[in-house]
Amino acid sequence: MSPHAAEHFAKDPETATSPAPDAAVRASWPRRLLAVLCGVILLVMMGLTVVDVIGRYVFNSPLVGATELTELLLAAVVFIGLPAVSLDDEHVTVDLLTSRLPDWVQPWRKLVLALVTSAVLAVVGWRLWVYGSQIASYNGVTNSLRLPVAPVTWLCALCTFVAVAVTLYVALRDVLRR
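Residues numbered from 1 in each chain as written. Predicted model: local features only at pLDDT ≥ 70, side-chain atom pairs only at ≥ 80, totals over all residues. Heavy atoms only, no water.

J.: Where do I start with the nonpolar core in this structure?
T.: For soluble globular proteins, nonpolar side chains are generally found buried alongside one another. Ranked by size, the top nonpolar core spans nine residues in total: Leu 34, Cys 38, Ile 41, Met 45, Ala 76, Val 77, Ile 80, Ala 84 and Cys 159. Contributions of two or more residues to this core are made by helix H2 (21-57) and helix H3 (66-88). With residues near it in sequence (within four places) discarded, Cys 38 still touches Val 77, Ile 80 and Gly 81. (Core = buried A, V, L, I, M, F, W, Y, C linked by side-chain atoms within 4.5 Å. Buried < 20%, exposed > 50% of the residue type's maximum accessible area, 1.4 Å probe, protein only. Helix = DSSP H or I, 4+ residues; strand = E, 2+ residues; numbered from the N terminus. Contact = heavy atoms within 4.5 Å.)

J.: I would appreciate a short explanation of the side chain of Glu 68 in the present structure.
T.: Position of Glu 68 relative to the elements: it lies in helix H3. Notably, Glu 68 is buried but unbridged: the nearest opposite-charge side chain belongs to Arg 146, and the N-O separation is 7.2 Å. In terms of polar contacts, Glu 68 uses its side chain to reach the backbone amide nitrogen of Leu 145, at 3.0 Å. (Lys, Arg positive; Asp, Glu negative; His and termini not counted. Salt bridge = Lys/Arg side-chain N within 4 Å of Asp/Glu carboxyl O. Polar contact = N/O pair within 3.5 Å; in protein donor to acceptor, adjacent residues only side chain to side chain.)

J.: Is there a simple way to explain unusual backbone geometry in this structure?
T.: In most cases, non-glycine residues show a negative phi, while peptide bonds are predominantly trans. Phi angles above zero are rare outside glycine, and Asn 60 is one such case at about 55 degrees. By the element assignment, Asn 60 lies in the loop between H2 and H3. Classification of Asn 60 as exposed rests on a relative accessible area of 68%. We note that Arg 146 has phi near 60 degrees; this positive angle belongs to a residue other than glycine. The residue Arg 146 is located in the loop between helix H4 (106-137) and helix H5 (150-177) in this model.

J.: When you look at the packing of H4 against H5 in this model, what are you seeing that I'm missing?
T.: What describes two packed helices is the angle between their axes and the distance between those same axes. Their axes nearest at 8 Å, the elements H4 and H5 cross at an angle of 165 degrees. Considering their axes alone, H4 and H5 lie roughly antiparallel with respect to each other. The interaxial crossing formed by H4 with H5 has left-handed handedness. A class-by-class count of the residues in the contact of H4 with H5 yields 26 nonpolar, eight polar and two charged. (Axes fitted to C-alpha atoms, helices over the stretch in contact; angles between N-to-C directions. Parallel < 35°, antiparallel > 145°, perpendicular 65-115°, else oblique. Left-handed = near helix turned anticlockwise from the far one by under 90°. Nonpolar A, V, L, I, M, F, W, Y, C, P; charged D, E, K, R; others polar.)

J.: So what exactly am I meant to see when it comes to the pattern of salt bridges here?
T.: Pairing between side chains of opposite charge can happen when their charged atoms approach one another. For the structure on display, the rule yields one salt bridge. As a salt-bridge pair, Asp 52 and Arg 56 come within 3.1 Å of each other at their nearest N and O atoms. With a gap of four residues between them, Asp 52 and Arg 56 both fall in helix H2, about one helical turn apart. A residue is classified by how much of its surface remains accessible, and Arg 56, at 34% relative accessible area, is partly exposed.

J.: Can you help me understand a nonpolar patch on the surface in this one?
T.: Nonpolar side chains collect at one region of the surface, where Leu 43, Met 46, Val 50, Val 53, Ile 54, Tyr 57, Val 58 and Phe 59 lie side by side and expose about 860 Å² of accessible area between them. Within the element layout of this structure, Val 50 appears in helix H2. (Patch = residues over 30% accessible without salt bridge, like charges linked within 9 Å, V, L, I, M, F, W, Y side chains within 5 Å. Areas by Shrake-Rupley, 256 points an atom, 1.4 Å probe, with all protein chains shown as cover.)

J.: Is there a simple way to explain the packing of aromatic side chains in this structure?
T.: What characterises a pair of aromatic rings is the spacing of the ring centres plus the angle enclosed by the ring planes. All chains considered together, the criterion is met by one aromatic pair. Judged by centre distance (5.7 Å) and plane angle (35 degrees), the rings of Trp 129 and Trp 154 are tilted. Of this pair, Trp 129 sits in helix H4 while Trp 154 sits in helix H5; the two residues are 25 residues apart in sequence, bridging distant segments of the chain. Over the ring of Trp 126 we find Arg 127, and its NZ or CZ is 4.9 Å from the ring centre. (Phe/Tyr/Trp six-rings, centres within 6.5 Å; stacked < 30°, edge-to-face > 60°. Lys NZ or Arg CZ within 6 Å of the ring centre and 35° of its normal.)

Written as structure tokens, this is what we have:
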């Protein structure tokens, strides 16, 4: 992640014009917390990969379970970052016609889009929770390290549910500002 991207990830557009620095700190702490948490997870993944590659090619002894840990951490970092993406309203979009709509339509278009996005995310979160429960019912673990998989699946589901709430909050905030 470039320094500019990290700065954008951690900034808070709501408080750019706010006169009170305390309000800016309060409003941006969730984004900063998520950025730091995702950064730490990425550093751990990088360290695991470096140790695994050095062990594999220099000492002919790869790090046992490195692939499993990397897979679990990758899933975690993607879903932990989802609420931050929702908070920034930075979901991937294609803008072919919507930029030509009148300005007064934009907040309502965003609200409808947020409702659809929230519905899809809610279904994804629900299915992740059900899948995690199924994995827990048969004590599903990873192959090498025997780590339980269900808690990671439940973490992903919870992060998705948080993203639903944040998506709705951001959409309503934008509509009420008009």
